[in-house]
Amino acid sequence: MNHCSVRNVCVNAGKKVILDNVSVTISPGEWVSIVGPNGAGKSTLLSVMAGLRSSSGSVHLGDTDLADMTPRERAHHLAYLPQHPELPPDMSVSGYVLIGRNPHIPLLGSEGQRDIEILNQVLEQLSLEDFQNRTLDSLSGGELQRCHLARILAQDTPMILLDEPTTALDLGHQQQTLDLICRIRSQRELTVVMTMHDLSLAGQYSDRIILLSQGEVASEGTPKDVLNPDRLSALYGARIQVMEVDSDIVVIPTRSREF
Amino acid sequence: MSKAGPSSASPLAGRLQVSAVLIGGFACILAMGTSLAIGPASIDKTAVFKELIDRLPFIAIDSGLSPIHKSVIWEVRFPRVLLGALVGSTLAVSGASYQAVFRNPLADPYLLGAAAGAGLGATVAIVTGSGDGIGAFDMVPVLAFLGAMSAVVMTYLLGYSSGARRSPSALLLAGVAVAAFLTAIQTFIQQQNVDSIRQVYSWILGRLNTASWTEVQLLAPYALIATLVMFLSRRTLDVMRLGDTEASSVGLRPQVVRFLVIAAASLGTAASVSVSGLIAFVGIIVPHAVRLLAGTSNRIVLPLSVLYGAAFLAFVDLLGRSLVSPAEIPIGVITAFCGAPFFVVVLRTSRKALA
Ligand SMILES: Nc1ncnc2c1ncn2[C@@H]1O[C@H](COP(=O)(O)OP(=O)(O)O)[C@@H](O)[C@H]1O
Ligand SMILES: [Mg+2]
């Protein structure tokens with residue numbers, strides 16, 4: 001995997017500026033979280049990095065411009081999970097996970113031995129063996145999230161882009177999902193870029209944080225640098241304290257005493 | 001794998017079930033076999049069976065049939081049964097493909113104007129006297145085929161000039177416009193040539209009664225190529241169920257897939273209607289019955305539609321020519337008769353999916 005560099009990306013929708021001259025670089029093997037208030041442009045930035053949304057400026061993987069790659073070439077380099085993935089209700093778990101193998105199968109071909117091996121491998125890795133014949137509409141939120149991850153991992157790319165993979169989950173499942181990503185990342189030397197809402201979790205798991213606000217990079221660096229209570233309070237329009245518990249960073253909203 | 005339990009034996013859920021294939025194969029053989037054995041010329045049924053066995057390689061038994069009866073079987077019944085099965089399977093798999101591409105269970109192979117174009121082509125051929133729809137070197141299938149293909153191309157151009165790249169539903173609307181336009185021309189020509197109205201009608205209602213080996217030979221190459229492409233697209237069409245953005249994130253070009261599958265389905269449809277006239281609803285009834293029976297994955301629906309489409313049309317043709325024997329009910333009338341109520345059922349059961 002090469003550096004992924006986003007240079008001077010601007011995205012507009014009509015007159016509205018969604019991303020304003022954003023430049024960031026992701027190093028191989030890094031875990032980077034993109035955080036920021038609702039509507040800051042996190043999802044838009046991620047889809048630009050995935051090559052799924054056109055923008056002015058450029059996204060390079062190593063020396064290659066993403067715009068010069070075919071969708072298939074792109075899909076060999078990075079796997080992307082949108083914020084609200086489409087879920088055909090009656091699709092089976094294994095059928096869904098196998099979709100991740102698409103870039104490795106010719107257009108009119110079908111899955112080979114290798115694809116089935118990888119399917120079984122990721123199902124085992126995500127403890128989904130017993131679910132493989134279940135339909136997607138029969139899964140709980142946590143099971144579904146593992147299913148999405150399985151599809152992303154089946155794609156077997158050096159870099160994965162995840163849009164709020166933990167937002168719909170309870171505390172326990174959030175932690176399990178991130179632990180899982182952490183474990184798999186070290187096994188496969190994955191580069192992980194994800195958008196997140198939970199600042200504590202972002203601080204605990206990522207190497208680096210990019211804080212977006214109104215389409216611009218407001219701050220970028222290690223969790224300790226970025227998660228500064230004054231900055232966060234101003235940006236989010238909230239009362240926020242940042243503490244350290246057992247060397248883990250914790251971001252806590254606090255109640256106003258005025259009322 | 002460490003645990004090779006029974007669950008890892010079938011890693012593809014939504015894989016073709018053997019039972020569904022066997023039932024379909026059996027239905028095919030039953031419908032086609034019965035069709036061969038039944039007809040106005042009363043031929044001994046066991047003799048028909050012997051005659052068929054006799055044609056198998058390395059087997060020679062005497063069926064005891066007269067040369068005339070033999071030719072009834074081989075020159076009249078056999079091509080008709082084969083044509084029915086071929087048309088049925090092609091229309092069914094084309095319907096299933098259109099439904100997958102447009103992600104709409106009510107999409108029909110005639111949707112992009114193929115039927116109207118074929119109707120216009122056939123009408124022109126009939127009223128100009130350049131063909132009566134029977135025999136070799138006849139212009140009816142040729143013009144019907146050209147009409148159907150040009151209609152689909154027109155729909156495609158019109159649709160894409162008005163935004164079908166972003167949403168395929170623009171293509172459906174373009175199809176409605178093109179079909180209405182071509183039907184208007186066809187009706188006008190027909191009104192100007194009232195004397196041939198019977199012939200035009202008999203074509204429009206669909207017919208297999210004039211089938212000969214010529215029609216089989218005309219249809220077979222197109223039907224086989226088109227069906228093969230659709231069959232091979234079954235996995236890709238399942239990927240397309242995730243929508244364009246996600247499909248392209250796993251390396252597909254959605255427009256290319258749509259173009260390929262629509263081209264194959266339109267080719268198959270055009271070739272089918274050019275030899276058999278307009279046989280309605282097959283492309284909706286069969287795929288939907290398959291979904292109810294075996295599941296909704298395109299990996300299941302497409303292959304099974306080939307099999308069940310063949311069985312269905314062979315069976316309907318058998319009904320059409322034996323219910324009021326020796327007269328015949330046009331095959332398109334029977335499919336429409338079954339199809340219209342079926343359409344309502346599909347609409348009711350799929351309302352959830354459409355919402
Ligand atoms: N296609 C679009 N048309 C108009 N506005 C859009 C479009 N896509 C995103 N936006 C706007 O851009 C802003 C950023 O969106 P998004 O990237 O989804 O934010 P986030 O993921 O940070 O919550 C939002 O205000 C959203 O309304
Ligand atoms: Mg978002």
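Refer to the structure above for everything that follows.
Because the structure is predicted, anything quoted here is derived from the model rather than measured. (Residues numbered from 1 in each chain as written. Chains lettered and ligands numbered in written order. Predicted model: local features only at pLDDT ≥ 70, side-chain atom pairs only at ≥ 80, totals over all residues. Heavy atoms only, no water.)

Student: Could you clarify how one ought to interpret the overall build of chain A in this entry?
Tutor: Assigned secondary structure in chain A consists of nine helices and twelve strands. Scaling as 2.2 N^0.38, a compact globule of 259 residues should have a C-alpha radius of gyration of about 18 Å, and chain A matches this with 19 Å. In chain A, the share of contacts with a sequence separation of at least 24, taken over all contacts with a separation of at least 6, comes to 65%. Counting only carbon and sulfur atoms, one obtains 46% of the accessible surface of chain A, whose full area is about 11,400 Å². Positive and negative side-chain charges of chain A, numbering 21 and 32 respectively, have mean locations separated by a distance of 5 Å. (Helix = DSSP H or I, 4+ residues; strand = E, 2+ residues; numbered from the N terminus. Rg over C-alpha atoms; globule rule 2.2 N^0.38 Å. Contact = heavy atoms within 4.5 Å. Areas by Shrake-Rupley, 256 points an atom, 1.4 Å probe, with all protein chains shown as cover. Lys, Arg positive; Asp, Glu negative; His and termini not counted. Charge placed at Lys NZ, Arg CZ, Asp CG, Glu CD.)

Student: Whenever I open this one, the site of ligand 1 confuses me. Can you help?
Tutor: All names here are of chain A. The environment of ligand 1 is made up of Ala13, Lys16, Ile18, Pro37, Asn38, Gly39, Ala40, Gly41, Lys42, Ser43, Thr44 and Arg53. Burial of ligand 1 by the protein amounts to 61% of the accessible area it has alone, namely 560 Å². For the shell around ligand 1, the secondary-structure elements that each account for two or more residues are β2 (16-26) and α1 (42-49). Considering each element in turn, the shell around ligand 1 owes the most residues, three residues, to α1. Split into classes, the residues belonging to the shell around ligand 1 amount to four nonpolar, five polar and three charged. (Near = heavy atom within 4 Å. Nonpolar A, V, L, I, M, F, W, Y, C, P; charged D, E, K, R; others polar.)

Student: Just to check I follow, could you spell out the sheet that holds strand β9 (residues 208-213) of chain A for this structure?
Tutor: Strand pairing in a sheet takes place through backbone hydrogen bonds and is either antiparallel or parallel in direction. Residues and elements named next belong to chain A. With mixed pairing, six strands are arranged side by side in an open sheet as β6-β7-β8-β3-β9-β10. The open sheet terminates on both sides in strands that have one partner only, identified here as β6 (78-81) and β10 (216-221). On average, each strand axis in the sheet is inclined to that of its neighbour by 15°, with strand direction left out of account. Across five bridges, strand β7 (residues 159-163) lies against strand β8 (residues 191-195) in parallel orientation. (Pairing = 2+ DSSP bridges. Axes fitted to C-alpha atoms, helices over the stretch in contact; angles between N-to-C directions.)

Student: Looking at this structure, I do not really get the environment of Ala20 of chain B. What am I missing?
Tutor: Residues and elements named next belong to chain B. Turning to its location among the elements, Ala20 is positioned in helix α1 (residues 18-37). A relative accessible area of 4% means that Ala20 is categorised as buried. What Ala20 contacts, discounting residues up to four positions off in sequence, is Ala294, Leu304 and Tyr308. (Buried < 20%, exposed > 50% of the residue type's maximum accessible area, 1.4 Å probe, protein only.)

Student: Can you help me understand the coordination of the magnesium ion (ligand 2) in this one?
Tutor: Geometry sets the ideal angles at a metal, namely 109.5 degrees for four tetrahedral donors and 90 or 180 degrees for six octahedral donors. Residue and element names in this part refer to chain A. The protein atoms donating to the magnesium ion (ligand 2) are Ser43 (OG) and Gln83 (OE1), with metal-donor distances spanning 2.0 to 2.4 Å. Taken together, the positions of Ser43 in helix α1 and Gln83 in the loop between β6 and α3 (93-98) put the pair 40 residues apart, joining distant regions of the chain. Look at Gln83 and you get partly exposed, because its relative accessible area is 30%. (Donors = N, O, S within 2.8 Å, 3.2 Å for Na, K, Ca; no water.)

Student: What exactly am I supposed to notice about the interface of chain A and chain B here?
Tutor: On the side of chain B, 31 residues touch chain A, which itself brings 36 residues to the contact. With both sides pooled, the region where chain A packs onto chain B buries about 2,900 Å², and carbon together with sulfur makes up 54% of that total. If you sort the residues of chain A by the area they bury against chain B, Asn102, Leu107 and Leu108 of chain A come out on top, with a joint share of 21%. Where chain A meets chain B, there are four salt bridges. Asp90 of chain A serves as the salt-bridge partner of Arg241 of chain B, at 2.7 Å between the closest nitrogen and oxygen. Inspection of the region where chain A meets chain B yields eleven residue pairs in polar contact (both at pLDDT 80 or more). For the side of chain A that touches chain B, the secondary-structure elements that each account for two or more residues are α2 (71-77), α3 and α4 (113-125) of chain A. Looking at side-chain class alone, the side of chain A that touches chain B contains 18 nonpolar, ten polar and eight charged residues. (Buried area = accessible area lost by both parts, 1.4 Å probe. Salt bridge = Lys/Arg side-chain N within 4 Å of Asp/Glu carboxyl O. Polar contact = N/O pair within 3.5 Å; in protein donor to acceptor, adjacent residues only side chain to side chain.)

Student: Help me understand the packing of helix α4 (residues 114-127) of chain B against helix α5 (residues 139-161) of chain B, please; the structure alone is not making it clear to me.
Tutor: Between two packed helices, both the angle of their axes relative to each other and the distance between the axes serve to describe the pair. Residue and element names in this part refer to chain B. Running from N to C, α4 and α5 cross one another at 145°; their axes reach a closest spacing of 6 Å. The way α4 lies across α5 gives a crossing that is right-handed. Taken together, the residues of α5 that come into contact with α4 (itself represented by Ala114, Gly117, Ala118, Gly121, Ala122, Val124, Ala125 and Ile126) are Met139, Val140, Leu143, Ala144, Gly147, Ala148, Ala151 and Val152. Here the residues of the contact of α4 with α5 are counted per class, giving 13 nonpolar, three polar and no charged. (Left-handed = near helix turned anticlockwise from the far one by under 90°.)

Student: Explain a nonpolar patch on the surface here, please?
Tutor: On the surface, Leu56, Phe58, Ile59 and Ile61 of chain B cluster together to form a nonpolar patch covering roughly 440 Å² of accessible area. Ile61 of chain B sits in the partly exposed class, given a relative accessible area of 35%. (Patch = residues over 30% accessible without salt bridge, like charges linked within 9 Å, V, L, I, M, F, W, Y side chains within 5 Å.)

Student: So what exactly am I meant to see when it comes to unusual backbone geometry here?
Tutor: Negative phi values dominate among residues other than glycine, just as trans dominates among peptide bonds. Residues and elements named next belong to chain A. Phi is positive for Asn8, close to 50°, though the residue is something other than glycine. Along the chain, Asn8 turns up in strand β1 (residues 4-13). With a relative accessible area of 42%, Asn8 lands in the partly exposed category. A positive phi angle is found at Asn21, which is not glycine, with a value near 55°. Here Asn21 lies in strand β2. Note on Asn21: relative accessible area 44%, which makes it partly exposed.

Student: Would you explain helix α2 (residues 45-55) of chain B in this entry?
Tutor: Each α-helix turn comprises 3.6 residues. Residues three or four places apart therefore point the same way. All names here are of chain B. Taken as a whole, α2 has its buried residues at Ala47, Val48 and Glu51. With its buried residues spanning 105° around the axis, α2 presents them on a single face. Across from the buried face of α2, at angles greater than 90 degrees, the exposed residues are Lys45 and Phe49. Here the buried face of α2 lies against α1 and α3 (67-102). (Arc of directions from axis to C-beta.)

Student: What should I look at first to understand the pattern of salt bridges in this one?
Tutor: Considering all chains together, one arrives at 15 salt bridges over all chains under this definition. Notably, a salt bridge pairs Glu30 of chain A with Arg208 of chain A, separated by 2.5 Å at the nearest N-O pair. Of this pair, Glu30 of chain A sits in the loop between β2 and β3 (31-35) while Arg208 of chain A is found in strand β9, placing the two residues 178 residues apart along the sequence. As far as the burial class goes, Glu30 of chain A and Arg208 of chain A line up, both buried. The salt bridge partner of Arg188 of chain A is Asp156 of chain A, with a shortest N-O separation of 4.0 Å. With Arg188 of chain A in helix α6 (residues 171-188) and Asp156 of chain A in the loop between α5 (141-154) and β7, the pair connects residues that are 32 residues apart, well separated along the chain. Since its relative accessible area comes to 26%, Arg188 of chain A is described here as partly exposed. One continuous salt-bridge network, built from bridges that share partners, spans Arg80, Asp317, Arg321 and Glu328 of chain B.

Student: How should I be thinking about the pairing of β8 of chain A in this particular structure?
Tutor: When a strand is regular, its side chains alternate between the sheet's two faces. Residues and elements named next belong to chain A. With five of five residues buried, β8 is to be regarded as a mostly interior element. Burial along β8 is two-sided: Thr191, Val193 and Thr195 facing one way and Val192 and Met194 facing the other are all buried. Here four bridges tie β3 to β8, and the two strands are oriented parallel to one another. Counterpart to Ser33 in the pairing with β8 is Met194. Once you follow β7 into α6 and on to β8, the crossover reads as right-handed. (Right-handed = clockwise from strand over helix to strand, strands pointing away.)

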